Every structure is written in C-alpha cells, then in structure tokens.
Number of protein chains: 2
Amino acid sequence: MKKRPLILVTNDDGITAPGLRTLISIMKKIGDVVVVAPDKPQSAMGHAITVNSTLYCTPYKNGQEHDEYSCSGTPADCVKLAVREILPRVPDICVSGINHGSNSSINVIYSGTMSAAVEAGIEGIPAIGFSLCDYSWDANFEPIRNFVETITREALENGIPKGVVLNVNFPKLPENEIKGIKVCRQAKANWVEEFDKRTNPMGKDYYWLTGKFVNLDKGEDTDEWALEHGYVSVVPVQFDLTAHHSIQDLNTWNLND
Amino acid sequence: MKKRPLILVTNDDGITAPGLRTLISIMKKIGDVVVVAPDKPQSAMGHAITVNSTLYCTPYKNGQEHDEYSCSGTPADCVKLAVREILPRVPDICVSGINHGSNSSINVIYSGTMSAAVEAGIEGIPAIGFSLCDYSWDANFEPIRNFVETITREALENGIPKGVVLNVNFPKLPENEIKGIKVCRQAKANWVEEFDKRTNPMGKDYYWLTGKFVNLDKGEDTDEWALEHGYVSVVPVQFDLTAHHSIQDLNTWNLND
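Residues numbered from 1 in each chain as written. Chains lettered and ligands numbered in written order. Predicted model: local features only at pLDDT ≥ 70, side-chain atom pairs only at ≥ 80, totals over all residues. Heavy atoms only, no water.

Going by an unreviewed UniProt entry, chain A carries the name 5'-nucleotidase SurE and comes from Robertkochia marina. Looking at chain A in UniProt, the text filed under Subcellular location (unreviewed entry) is "Cytoplasm". In its Function (unreviewed entry) section, the UniProt entry covering chain A states "Nucleotidase that shows phosphatase activity on nucleoside 5'-monophosphates." (UniProt positions renumbered as here; feature names shortened; annotations may be inferred.)

A.B. asks: Sorry if this is basic, but what is going on with the relation of the copies chain A and chain B here?
C.D. replies: Both copies of the chain are related by one operation, a rotation about an axis with a shift along it. Between chain A and chain B, which share one sequence, the superposing operator has a rotation angle of 180 degrees and an axial displacement of 0.0 Å; the RMSD is 0.0 Å. The superposition of one copy onto the other is thereby described by a two-fold rotation axis. When C-alpha positions in chain A are compared against the rotation axis, the closest is assigned to Gly46(A), at 2.6 Å. When the interface residues of chain A are mapped onto chain B, 99% of them again fall at the interface, so both copies present the same face. (Least-squares fit on C-alpha atoms with pLDDT ≥ 70 in both. Contact = heavy atoms within 4.5 Å.)

A.B. asks: I keep staring at the interface of chain A and chain B and nothing clicks. Help me out?
C.D. replies: The accessible area lost on association of the parts is a frequent measure of interface size. Contacts between the two partners involve 76 residues from chain A, matched on the other side by 75 residues from chain B. In total, chain A and chain B occlude about 7,100 Å² of area from one another, counting both sides; carbon and sulfur atoms represent 65% of this. Of all residues in chain A, Tyr207(A), Leu241(A) and Trp253(A) bury the most surface against chain B, accounting for 10% of the area lost on that side. Summed over the shared surface of chain A and chain B, the number is 0 salt bridges. (Buried area = accessible area lost by both parts, 1.4 Å probe. Salt bridge = Lys/Arg side-chain N within 4 Å of Asp/Glu carboxyl O.)

A.B. asks: Just checking my understanding: could you explain the nonpolar core for this structure?
C.D. replies: Within soluble globular proteins, side chains that are nonpolar tend to cluster in buried spots. If you look at the biggest cluster of nonpolar residues, it comprises 83 residues, and the most contacted ones within it are Val36(A), Val237(A), Val36(B), Val165(B) and Val237(B). Beyond its immediate stretch of four places on either side in the chain, Val165(B) contacts Met114(B), Ala117(B), Val118(B), Gly121(B), Ala127(B), Val235(B), Pro236(B), Val237(B) and Phe239(B). (Core = buried A, V, L, I, M, F, W, Y, C linked by side-chain atoms within 4.5 Å. Buried < 20%, exposed > 50% of the residue type's maximum accessible area, 1.4 Å probe, protein only.)

A.B. asks: Got a minute to help me understand the sheet that holds strand β5 (residues 93–100) of chain A in this structure?
C.D. replies: Strand-to-strand pairing in sheets goes through backbone hydrogen bonds, with the strands running parallel or antiparallel. Residues and elements named next belong to chain A. A sheet is described by the order of its strands in space; here 9 strands give the open sequence β3-β4-β2-β1-β5-β6-β7-β11-β8, paired in mixed fashion. The open sheet has two edge strands, β3 (57–59) and β8 (180–183), and neither has a second partner. Each neighbouring strand pair of the sheet contributes to a mean axis angle of 20 degrees, computed without reference to strand direction. Examined bridge by bridge, strand β7 (residues 164–170) and strand β11 (residues 231–238) share 6 bridges and lie antiparallel to one another. (Pairing = 2+ DSSP bridges. Helix = DSSP H or I, 4+ residues; strand = E, 2+ residues; numbered from the N terminus. Axes fitted to C-alpha atoms, helices over the stretch in contact; angles between N-to-C directions.)

A.B. asks: Help me understand the packing of helix α2 (residues 75–86) of chain A against helix α3 (residues 112–122) of chain A in this model?
C.D. replies: A pair of packed helices can be characterised by two numbers: the angle between their axes and the separation between those axes. Residue and element names in this part refer to chain A. For the pair α2 and α3, the least separation of the axes is 7 Å and the interaxial angle reads 30 degrees. When the axis of α2 is compared with that of α3, the two are roughly parallel. Of the two possible hands of crossing, α2 and α3 adopt the one that is right-handed. Residues Pro75, Ala76, Val79 and Lys80 of α2 form the contact with α3, whose participating residues are Gly112, Ser115, Ala116, Glu119 and Ala120. Counted by class, the contact of α2 with α3 contains 5 nonpolar, 2 polar and 2 charged residues. (Parallel < 35°, antiparallel > 145°, perpendicular 65-115°, else oblique. Left-handed = near helix turned anticlockwise from the far one by under 90°. Nonpolar A, V, L, I, M, F, W, Y, C, P; charged D, E, K, R; others polar.)

A.B. asks: Please explain the packing of aromatic side chains as it appears in this structure.
C.D. replies: Aromatic rings considered in pairs are described by the distance between their centres and by the relative angle of their planes. All names here are of chain A. Under the definition given, this model contains 10 aromatic pairs over all chains. Considering the side-chain rings of phenylalanine 130 and phenylalanine 170, the 6.1 Å spacing of their centres and the 25 degrees angle between planes classify their relative orientation as stacked. Of this pair, phenylalanine 130 sits in strand β6 (residues 127–132) while phenylalanine 170 sits in strand β7; the two residues are 40 residues apart in sequence, bridging distant segments of the chain. Taking the ring centre of tyrosine 231 as reference, the NZ or CZ of lysine 182 above it sits at 4.6 Å. (Phe/Tyr/Trp six-rings, centres within 6.5 Å; stacked < 30°, edge-to-face > 60°. Lys NZ or Arg CZ within 6 Å of the ring centre and 35° of its normal.)

Encoded structure:
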C-alpha cells in the first residue's frame, strides 16, 4: 500500500472558518493532515509576510486527533512557519481554503488564500487554493466536497506542473447543477473602485473601499465564463511574473544611448 | 509644445522616505507631480488592500509646491485612492519607490513597491517600480538619478506594453561604475527561511523571520545576473498570472470521469 500523503492545510479566513473545517474533513480522507492557519481573518492580504514583527504559533485544541496550529501571521507566514518549524517533513501537497468568496480572475492578486498556495509553490510544494463564490460565513460547502477531493487526488496522482499552483473556484450551486470541472485562463477583468467618503465624530474625513467587478473579457476559456455557466474553474497560476513576450519590445527602447 | 505629463508618485517605505523624496525631485523635471504615499512603512505587504477597515488620506505639508497626500493604507490602497478621489484625471504614468532595498527576482511577489505599480497597471496606467539594492535609510540615491529619468522618459515616449509594468532595480554602485541598463527576466531564486525562536517575558514562544536569499539560476539574462555585474535591471512584470503553457498539461487529468 502506498504511504498516506502528508497534507498541509491553511487558509486566510482564520482557523475557525467553516470553509477550513470542510477542507480538513475532506483531506483526512486522503492523507495525514497538519493545519497551520491564521488566528484571525487575513482576507485581501495579498502576498504579505511579517518581516518587522514577531510571530506566535500555538497548538489549537478542538478535540480532533490531527495537528492544528494557530498562527499570528499572514497566510504566507503560516506556510513558511509550517515548513520550517512544525512539519516533520516537506508535505506532499498544500491546500488552502476553502475561501468564503471568489478568487477568480484578477482577485488572485489580492487573495490571501492564493498567497498561501503560491508561497508553497515557491518552496517547491504542490499547492492548490480552493474558493467558493459565496462570501457568507455560513456558506454551504457540501455541494463541492467531491470536487475538492477529485482535484486533490488528481494533483497527487499526476503532479502539478513545476512553477505552477492551482487556483480553483466553485460556483454557488447545488451539487447536481454543477456541470463539471474546466481548466481555464484568468479572465481579464478588474474592480472599478468607488470610495464611500464619510466624516468621523472628530470631523475628519475617511473612506471605505467599495466597488464593482467588471468583466469585459468575452472569452469562453476564462474562469469567469466557466463559473457563470455552472462549471468549477481550475486556473494554473505562475509566480515567474516575467512578461517574456515583452522583452523583445523593451529592447527597442533607447536605454543606453 | 507637448503637454507636461501628470505623474503619480507613491512608495511602500512611507511618505518621509529619502527614496521617495529623490523620486519626486526627478519626476518634477519631467512633469506635474502628485504624491499619494503611505503614512508609515509598508514593506513586504505584497498586494494587500484595505477592505474591512477605514482609510485616511490627508494633505501632507512640507513646503513644496506640488501636491502630497499621506494615506493610512497600503501602497495598492494609495493608488486606488489617488485615481478615484485625488487626481484631476488619470495620470500618464505611476512611479513607485525608490525602494530602500532590492525587489529583484522572487522579491517582486512580496514587494509593496511593486504592488503599487501593479495596481496602477491593472487600472490601465503605465507604471514603474524603482528599487535600489541598499536597505539603509540613508542610502545614496544620487548615482541612479539619471537612470531613473531615462527609463521614465523612455516609458512615456514609447509606452509600456499593455498588461505589463516595469520592475527596475539598481545596483549599489557609484554612477561611473554602473555599466548600463539591461532588460531581463526574473531570476528563479528564493528565500530559504529560518526562524529565530525566542521566549517572551511571559514564557511564551515566538518567532522572528530570518533567512538567506538563494539564487540557483545561472542564466545571464536574469535580473540577478545584471545586478551582480553592475547593470540596472528592467523586468517586464505581468499580472495575468495564468500559466498558459500548463493548460494543455492539466487537460490530460481525469477531472470529469
């Protein structure tokens, strides 16, 4: 019998989040689970790390037999700490989520869920971020359990391509209405921000960030298209950010005259 | 005569940083400058944005005739606020920095300096992040003034390719020892973290993140190679993170059986 894989589980909504709890219960079917997750919500943290401050990481007891640790840092901190200080060996896979809310399209850039996956990827660990397109704390994760399990097992079986992590998003639908899983590209969409300007009791102006998501990308190979049409989207995400196709173009500039 | 360009200047070391002051003085030679920068250092913030908290943005008076604003948020917040609430029109270019310390190679992922440039890029604004490989607060920015000006003028002249922002790093060298400017790819390097584990006065363990930068990429077309050999590195950075070359590969998985 093949050895059970060692699975690192983390997220950005914090160690008490129902999405994390669901992910843990799915991963326990597949392998040995260690959880290192933030002690508080860390949404929209992007790829922040804690360089000028201390980090606390303490066992989190909730009566389960697997290992759980609560960390004062960001999702990327959790992965770094898990790999260097907590895990007995390099894990076979790192899964992050299940996020309460979408991380499709440009949201991957702001996503704490994906920053944990990317951090694992940078360290050479196969990694997947899972997100459900439902922001509510009591979102229903039951319909997507089988899909999470299938994708994780396939990733362990086939190996994720080098230099790549997976960004998986689920539509908010009953299980029998989810049409299947599609490998996609990131849609070219963005947030059109608006700021709600208010005045505090001391008379000073402040702002709340609001905005609406605008997708002008009509491609049928995008994550947004897949989600809108009832599919689970899987986008391979890279962390070599070089726009290789632009190097030629930039070499026509007069930079050394 | 061509209209003077409108230039948005920001950074991640905060509005008082000498690197920002240098960048402002260079940009005033080129166009009309508006500064919206964090009110405190925001290093290693990645692409964080402030979604669950308030933002303050107040005029910053330092006796200069150009406009400056100090913002309580992250570098990405500064760009969003500048574009929506402060600037009279969409700026012709956004420049971020000059960072006190390197943002070459994988550091681009953790960089607040680059997150401001990327945020501008997402909004369709040409953008450049500048970083000097010297972490000290009293770093000498004089040797790189002419290079910053050349690169910015070339970007305004030629236009930065769509979907791309520039990550520019400078070696810590006297001006006459800098050999020129090279367009590069991001080196495949990473941080090998170590955590310094300590015990606080209350007896509780905590960690400080430390680590060393390891570059195993021997390519002579990388930013690390350029910097080591006395060149300024210019890496075109994209924010479509899709690993397009991996889609084919993932389509061989059994995801829908």
